[in-house]
Amino acid sequence: MKHRLAKSLTVAATLTLALVASRTARADDCPPGSWFCGQGQAGGQQGGQLQPLPPPTAAPPPAAPAPAAAPPPVVVYNNNAPTAAPPPVREAPPPYVYAPAKQAWPRKNEWGLNLHLGGAFFGKGRTGDAGAGVLGAGLRYKPIPQAGIQADLDLAGGRDYNGFRRGEVAFTINGLIFVNPKDKAQLYFLGGFGWAGATAVDDRNGYDERTYRYGYFGVQTGIGLEFRPTKNVALNADLRGFIRGRTDSARHTQPEFVDDRGRSTNASGGGLLTGGITFYF
C-alpha cells in the first residue's frame, strides 16, 4: 500500500515538472501584445509589449457629408388667370301663407231671386180654349242646402173654364225640398198655399159684357228640376197641381161653375207648368 502511494506521487511530480518546462519554453515565442504570455522571465524579449489603446478624449472620425437637400418647387402666380365662379346662393323660399279654404257651394243661408214664366191649364173648358199665360217673380231663401222657402207673385191672363176673359193676380208661399243639393242637376219637391184675386169678363156675346170678381184660397204641390251650372245662377222647371175655393162674399149667391143640370160649385183646380232662372246671392 505504501509502495503504491509513493509511486503515484512520483508520477504526479514528474508530470508537473514537464508542464512547467513546456510553458517556459513557449514564453519566448509569444507575439507582441499577447496577454497570456509571461513577462520579465529569463530569456524573454524586451520588445514584446502590448500596443497602447487610443486616448479616451480622441475625436471620432469625421462623418460622411449629408446629401444636399432638393430646392423647393417654384410657384408662379398669374393674376390674369380666370377664377372659378362661386356656387350659386339659393334663396330661402318665401313663407307659405295658409289661406282659408273657400266654402264649397251650395252655401248655407242663400238668397235667390227667381224669374219665371209658364202656362196654366184648366181642361178644354166650355169653348175648348181654356188656358192662361203666367209671368212672375219670386224671392227664395235657403237656410240649408237641402231646403228652402219661396214667395211668388204671379200675373196670369187668358180664358177660364167658362170661356170668360180672365186676368188674375196670385201670391203663393211654397216650401222646397232638394233631394241632391250637391249636384248640378237637383231634383226638388214643392208644396204650399196661396191667395189669388181674379177678374173675369163675359165677352162671348160681344155686347152687354158682364164682369165677375173672385177671391180664392188654395193649396198646391209639385215636382221640379233645377240645373245649377254655377254657384250664382240656376235654371229650373217645375210642374204643379192646385186646388182652390172661393173666399169672396158673392160665393153663395153667384157660384162660379154651373153645369147643364143646374149643379153649382165654387171649387176649381188645374195645373201650372213654369220655367225660370234663379240668381243666388
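Residues numbered from 1 in each chain as written. Predicted model: local features only at pLDDT ≥ 70, side-chain atom pairs only at ≥ 80, totals over all residues. Heavy atoms only, no water.

Trainee: Please provide a residue-by-residue account of the nonpolar core, values included.
Mentor: The biggest cluster of nonpolar side chains holds eight residues, and these are Phe 164, Ala 170, Ala 196, Ala 198, Ala 200, Tyr 212, Tyr 214 and Tyr 216. Listing elements by their share of this core, those giving two or more residues are strand 5 (185-202) and strand 6 (210-227). Those residues within four positions of Ala 196 in sequence are excluded, and the remaining contacts are Glu 168, Val 169, Ala 170, Tyr 214, Gly 215, Tyr 216 and Arg 244. Within the second largest apolar cluster, seven residues are counted, among which are Ala 120, Ala 130, Val 134 and Phe 242. (Core = buried A, V, L, I, M, F, W, Y, C linked by side-chain atoms within 4.5 Å. Buried < 20%, exposed > 50% of the residue type's maximum accessible area, 1.4 Å probe, protein only. Helix = DSSP H or I, 4+ residues; strand = E, 2+ residues; numbered from the N terminus. Contact = heavy atoms within 4.5 Å.)

Trainee: Summarise the confidence of the model for the chain; cite the residues concerned and give the values.
Mentor: On average, the chain scores 82 in pLDDT, and the residues at 70 or more come to 68%. Counting interchain partners and residues more than four positions distant, the pLDDT-below-50 stretch residues 38-47 has five contacts. (pLDDT = per-residue confidence, 0-100.)

Trainee: How would you summarise the side chain of Asp 238 if you had to cite specific residues and measurements?
Mentor: Tracing the sequence through the fold places Asp 238 in strand 7 (residues 233-246). A polar side-chain atom of Asp 238 sits 3.1 Å from a polar atom in the side chain of Tyr 188. Of note is the side chain of Asp 238, whose polar atom sits 2.7 Å from the side chain of Thr 274. (Polar contact = N/O pair within 3.5 Å; in protein donor to acceptor, adjacent residues only side chain to side chain.)

Trainee: Give me the pattern of salt bridges: which residues, what numbers.
Mentor: Applying the stated rule across the entire model yields 13 salt bridges. Put simply, Glu 168 and Arg 166 hold a salt bridge, and the shortest N to O gap is 3.4 Å. (Salt bridge = Lys/Arg side-chain N within 4 Å of Asp/Glu carboxyl O.)

Trainee: Would you mind going over the environment of Phe 193 in detail, with residue names and values included?
Mentor: Mapping Phe 193 onto the fold places it in strand 5. In this structure, the C-alpha to C-alpha distance between Phe 193 and Ile 243, residues 50 residues apart in sequence, is 9.7 Å. Every residue in contact with Phe 193, bar those within four places of it in the chain, is listed here: Phe 171, Thr 172, Ile 173, Asn 174, Phe 217, Gly 218 and Val 219.

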